[in-house]
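Structural description and commentary
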Amino acid sequence: MGRLADADSAARKQRQLAGAPNAADFSEALARGLAVLAAFDGENRRLTQADLARKLDLSRATVRRAVLTLEHLGYVRAEGRAYELSPRILRLAAGYLTSNVTGAVMQPVCDRICARLQEACSVAVLDGADAVVIARAVPNQLIQVGSGIGFRTPANISSLGKVLLAHLPEQERPGALDAAGARADALDGIERAGYCYVANDVEPGAHSIAVPLRRWDGRVIAALHVGCNIERISPDAMHGDVLALLREAADELHAQLI
């Protein structure tokens, strides 16, 4: 009886996390499979079934079915008793990147700004508590591992994330701020100014500045930013020439983002 209660509790938790309206419209098996995929990250590259069961608060039997199904489909592969994501998982990301207008339109802009400033330039969208990079360009002399497309930063501390949170529609803001652990009063100034500058928040000695990207109807759907070491570009220059360059790019793209 305890096992069934635990399973029901886990199923309810999965529905709540996914925001499903009711059980009839929600596939628990699919949610569990996606949760297994999402459990792998930079700190958890290999996980056993027991690791996944503990991390996801699911029974070993439930995790086993999900993992073996994903292995059969080619999205994970076994390494001894542990599992890791396979390259096939990139097909899921490729579908988003190739069909998403924002990423396709913004990559050339990132390339252009990066070439002009010789500093990293990125575009990100909001995903829960994180800002997720969907377009990025870095100078040839910079070698950055693990910070390209798909890289996530906490929305409540990054310039990209703060801009996105500050420009959310009123009805969406309370839930998003709660999920990100951000305070509304800390974002009011960002919305009024139309940009966000942060220093030493994500990485000591680094700073960045970001502006919102609005689609044709005025809704903010992404953020554009430049980030670098404080010694490479002064804070005054970031608030001056760099901010002007980002705003010019945002104005140029306004009619292209749909």
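Right above here is the structure, for reference.
Now for a quick tour of the structure. (Residues numbered from 1 in each chain as written. Predicted model: local features only at pLDDT ≥ 70, side-chain atom pairs only at ≥ 80, totals over all residues. Heavy atoms only, no water.)

Here's the deal with helix α8 (residues 173-180)
Convention followed: Note on exposure labels: buried denotes an accessible area under 20% of the residue type's maximum, exposed denotes more than 50%, and partly exposed covers the range between, all computed with a 1.4 Å probe on protein chains only. Going along the chain from the N terminus, every DSSP run of H or I of four or more residues is numbered as a helix, and every run of E of two or more is numbered as a strand. This arc is taken over the directions from the axis of the helix to the C-beta atoms.
Looking at α8, one finds that the buried residues are Arg-173, Ala-176, Leu-177 and Ala-180. Summarising the axial view, the buried residues of α8 lie within an arc of 95 degrees, below the 170-degree limit, and thus occupy one face. Exposed side of α8, more than 90 degrees from the buried face: Pro-174, Gly-175 and Asp-178 are the residues found there. Taken from the residues just after α8, Gly-181 is the one with a positive phi, measuring 70 degrees.

Thoughts on the layout of surface pockets
Rules: Every definition here rests on a 1 Å grid over the protein atoms only: cavities are sets of points where a 1.4 Å probe fits but cannot get out, pockets are open sets enclosed by protein on both sides within 12 Å along at least five of seven lines, and lining residues have some atom within 4 Å of a point. Grid points are joined across faces, edges and corners, and a volume is the space filled by probe spheres set on the points. Gly counts as polar in this scheme, as do all residues outside two lists: the nonpolar Ala, Val, Leu, Ile, Met, Phe, Trp, Tyr, Cys and Pro, and the charged Asp, Glu, Lys and Arg.
Here the largest pocket is characterised by a volume of approximately 1400 Å³. Looking at the largest pocket, it is lined by 32 residues, and the ones nearest its centre are Phe-40, Leu-85, Ala-93, Gly-150 and Arg-152. Elements that contribute at least two residues to the lining of the largest pocket include exactly α2 (28-38), β3 (82-85), α5 (90-99), β4 (120-127) and β5 (130-137). Classifying every residue of the lining of the largest pocket by side-chain character gives 18 nonpolar, seven polar and seven charged.

What to know about the pairing of strand β2 (residues 76-79)
Residues in a regular strand project their side chains so that they alternate between the two faces of the sheet. Basically, it comes down to this: By the convention used here, strands pair only if DSSP detects at least 2 bridges between them.
Where β2 lies against β3, four bridges are found, and the strand directions are antiparallel. From the neighbouring strand, Val-76 faces β3, where its bridge partner is Leu-85.

Examining the packing of helix α3 (residues 49-56) against helix α4 (residues 60-73)
What counts is decided by this rule: Note on geometry: axes are C-alpha line fits, over the in-contact stretch for helices, and angles between N-to-C directions span 0 to 180 degrees. Each crossing is labelled by how the near helix is turned from the far one, with a counterclockwise turn of less than a right angle marking it left-handed and a clockwise turn marking it right-handed. Contact between two residues is taken to exist if any of their heavy atoms lie within 4.5 Å; hydrogens are not considered.
In the contact formed by α3 and α4, the axes pass within 9 Å of each other and the chain directions differ by 115 degrees. In the packing of α3 onto α4, the handedness of the crossing is right-handed. Within the contact between the two elements, α3 uses Gln-49, Ala-50, Leu-52 and Ala-53 and α4 uses Arg-60, Val-63, Arg-64 and Val-67. Taken together, the residues that form the contact of α3 with α4 break down as five nonpolar, one polar and two charged.

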